[in-house]
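Each chain, letter by letter, is given below.
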Protein chains: 2
Amino acid sequence: MLDKIDRKILNLMQRDAGRTNAQMADEVGLSPSTCLRRVRRLQRGGFIDRIIAILDPARAGRGLKAIVTVELDRHGAHEQRRFLELACAQTAVVQAYAVTGQTDVVLMLRLRDMEELDQLCERLFREGSGVARFFTMMVIRTAREETAIPLEV
Amino acid sequence: MLDKIDRKILNLMQRDAGRTNAQMADEVGLSPSTCLRRVRRLQRGGFIDRIIAILDPARAGRGLKAIVTVELDRHGAHEQRRFLELACAQTAVVQAYAVTGQTDVVLMLRLRDMEELDQLCERLFREGSGVARFFTMMVIRTAREETAIPLEV
DNA sequence: CACATTTATGCAATATTATTGCAAGACTTG
DNA sequence: CAAGTCTTGCAATAATATTGCATAAATGTG
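A brief structural summary. (Residues numbered from 1 in each chain as written. Chains lettered and ligands numbered in written order. Predicted model: local features only at pLDDT ≥ 70, side-chain atom pairs only at ≥ 80, totals over all residues. Heavy atoms only, no water.)

## Details of helix H1 (residues 4-15) of chain A
Then step 1. When the terminal C-alpha atoms of H1 of chain A are compared, their 17 Å separation across 12 residues agrees well with the 16 Å that a helix rising 1.5 Å per residue should span.
Then step 2. Among all positions in H1 of chain A, only Asp6, Ile9, Leu10, Asn11, Leu12, Met13 and Gln14 of chain A are buried.
Then step 3. Elements that come into contact with the buried residues of H1 of chain A comprise helix H2 (21-28), helix H3 (32-44) and strand S1 (48-55) of chain A together with strand S1 (48-55) of chain B.
Then step 4. One side-chain oxygen of the residue at the start of H1 of chain A lies 3.1 Å from the amide nitrogen of Ile5 of chain A, identifying that residue as Asp3 of chain A. (Helix = DSSP H or I, 4+ residues; strand = E, 2+ residues; numbered from the N terminus. Expected span 1.5 Å × (residues − 1). Buried < 20%, exposed > 50% of the residue type's maximum accessible area, 1.4 Å probe, protein only. Contact = heavy atoms within 4.5 Å. Polar contact = N/O pair within 3.5 Å; in protein donor to acceptor, adjacent residues only side chain to side chain.)

What follows is the structure in structure tokens.
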């Protein structure tokens, strides 16, 4: 379905979709019109989901990151769904996953400061929230943070 | 530094940077030229880091996600750095964090299949890699996965 | 509060960039 | 090998981004 040039285009756009079509065409060795037609095809085909801007977290006032693992009291589907909904409703929660293993849910948080973490924990983990235990890991260093999906060229 | 309209622009662009400047101008209630000047200012000022394409993971052949927590044998800075470098060199590792808590490192993986996970574990966690324990959590359901940084309007 | 200075705004003109029709070439399939 | 399908590049056209400029708003200063 995808040939080598398609994957090249996707890889370029995953890292920088800000350049002009002419530049891209040049980099993948096609004429601008052909290159653009491929990009449109990749969009219509659903390979490219959307084009977005990535902000600088620190400048946006949310330089703090935390990862939280959550174990629920009972491990039913209903209980889990209820908790995930509550979690997703929190501004600071940017990723929320139901997972296998000892833990039921993993959350990734983007926080303004520790106070916000405190308030968030109040809301998510207070008595009666169905949470048995949770472990908060503050991110000390981000060694890698890619949105790009690895594509073999 | 940022006024209400700037934040509106950033919020729009975090979700969809594919629309035309004229459309955006309309949505934030500015003329196209003024709107564009703001966008350029936000880029030059470093608030907007870059514009990228988000691919459909399943279509890109990496529909499997996993989260791995890693405890190292010794908790020195050197040991940690060495392990993070090794981890970041792996194609499937899209996020890698040094964190506080029981765990030293958290990895987010994007996998083609379980076999790739198997091979990855071989490389990262074999004898002598300095890893004491690791816990692999397969993602069952993604309730939320935002690249957007929460900005109060 | 009045004034000067800076900054942001919209319009219109201009420059760039994206898009499409078309003919030629490449590839597939029977 | 021939008919059909798809892809390509070029050139024309359409759409979009960018800039000069005059005006308006905001901000600072005495």
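Still to come is the rest of the account.
## What to know about the protein's contact with DNA strand C
Then step 1. Around DNA strand C sit 13 residues in total, of which Leu36 and Arg40 of chain A together with Thr34, Arg37 and Arg38 of chain B are the nearest.
Then step 2. Within 4 Å of the protein, the contacting atoms of DNA strand C are 64% sugar and phosphate, with bases supplying the remainder.
Then step 3. A distance of 2.9 Å separates a phosphate oxygen of DNA strand C from a polar atom in the side chain of Ser31 of chain B.
Then step 4. At a separation of 3.0 Å, a base nitrogen of DNA strand C approaches a polar side-chain atom of Ser33 of chain B.
Then step 5. For the surface near DNA strand C, the elements supplying multiple residues, two or more each, are H2 and H3 of chain A together with helix H3 (32-44) of chain B.
Then step 6. Tallied by class, the residues present in the surface near DNA strand C amount to 3 nonpolar, 6 polar and 4 charged. (Near = heavy atom within 4 Å. Nonpolar A, V, L, I, M, F, W, Y, C, P; charged D, E, K, R; others polar.)

## A word on the pairing of strand S5 (residues 131-145) of chain B
Then step 1. In this sheet, S5 of chain B lies alongside strand S3 (residues 93-99) of chain A in antiparallel orientation, the contact comprising 5 bridges. In the strand pairing of S5 of chain B, Ala98 of chain A is matched with Arg141 of chain B.
Then step 2. Looking at chain direction, strand S2 (residues 64-72) of chain B and S5 of chain B are connected through 7 bridges and run antiparallel. Across the sheet, residue Leu72 of chain B finds its bridge partner in S5 of chain B, namely Val131 of chain B. (Pairing = 2+ DSSP bridges.)

## Digging into the packing of aromatic side chains
Then step 1. Applying the stated criterion across every chain yields a total of 4 aromatic pairs over all chains.
Then step 2. Their ring planes at 25° and their centres at 6.3 Å tell us that Phe83 of chain B and Phe125 of chain B sit as a pair that is stacked. Of the two residues, Phe83 of chain B is situated in helix H4 (residues 77-88) and Phe125 of chain B in helix H5 (residues 114-125); the sequence distance between them amounts to 42 residues.
Then step 3. Given a relative accessible area of 1%, Phe83 of chain B falls into the buried group.
Then step 4. In this structure Phe125 of chain B comes out as buried when scored by relative accessible area, which is 13%.
Then step 5. Of the aromatic side chains, those joined through ring pairs into one cluster are Phe83, Phe125 and Phe134 of chain A.
Then step 6. In this structure, Arg59 of chain A packs its charged tip against the face of Phe47 of chain B, placed 5.3 Å from the ring centre. (Phe/Tyr/Trp six-rings, centres within 6.5 Å; stacked < 30°, edge-to-face > 60°. Lys NZ or Arg CZ within 6 Å of the ring centre and 35° of its normal.)

## Looking at the sheet that holds strand S4 (residues 105-111) of chain A
Then step 1. Taken in spatial order, the 8 strands of this closed barrel run S2(A)-S4(A)-S3(A)-S5(B)-S2(B)-S4(B)-S3(B)-S5(A), and their pairing is antiparallel. Ignoring which end each strand starts from, the neighbouring axes of this sheet average 35° apart.
Then step 2. The sheet strands contacting H4 of chain B are strand S5 (131-145) of chain A together with S2, strand S3 (93-99), strand S4 (105-111) and S5 of chain B, and the helix crosses S3 of chain B at an angle near 170°.
Then step 3. Of the strands in this sheet, S2, S4 and S5 of chain B are in contact with H5 of chain B, which crosses S5 of chain B at around 145°. (Axes fitted to C-alpha atoms, helices over the stretch in contact; angles between N-to-C directions.)

## Comments concerning the protein's contact with DNA strand D
Then step 1. The environment of DNA strand D is made up of 13 residues, and the closest members are Thr34, Arg37 and Arg38 of chain A together with Leu36 and Arg40 of chain B.
Then step 2. When the atoms of DNA strand D within 4 Å of the protein are sorted by group, sugar and phosphate make up 62%.
Then step 3. Within the contact set of DNA strand D, a base nitrogen lies 3.1 Å away from a side-chain nitrogen or oxygen of Ser33 of chain A.
Then step 4. A distance of 3.1 Å separates a phosphate oxygen of DNA strand D from a polar backbone atom of Asn21 of chain B.
Then step 5. If you list the elements that add at least two residues to the surface near DNA strand D, you get H3 of chain A together with helix H2 (21-28) and H3 of chain B.

## Brief notes about empty space enclosed by the protein
A probe as big as a water molecule, rolled over the atoms, marks out the empty space that is left.
Then step 1. Applying the stated criterion to the full structure yields 1 cavity of 30 Å³ or more.
Then step 2. Counted as a void, the largest cavity has a volume near 50 Å³.
Then step 3. Only S3 and S4 of chain A together with S3 and S4 of chain B provide two or more residues apiece to the lining of the largest cavity.
Then step 4. Partitioned by chemical class, the residues of the lining of the largest cavity number 8 nonpolar, 2 polar and no charged. (1 Å grid on protein atoms, 1.4 Å probe; cavity = no way out; pocket = protein on both sides within 12 Å on 5 of 7 lines; lining within 4 Å. Points joined across faces, edges and corners; volume = space filled by probe spheres on them.)

## Regarding the relation of the copies chain B and chain A
Then step 1. Once chain B has been moved 0.0 Å along the axis and rotated by 180°, it coincides with chain A to within an RMSD of 0.1 Å. Taken together, the rotation and translation relating the two chain copies correspond to the operation of a two-fold axis. Among all residues of chain B, the one whose C-alpha sits closest to the rotation axis is Ile52 of chain B, at a distance of 2.8 Å.
Then step 2. Counting the interface residues of chain B, we find that 100% of their copies in chain A are interface residues as well, pointing to one common contact surface. (Least-squares fit on C-alpha atoms with pLDDT ≥ 70 in both.)

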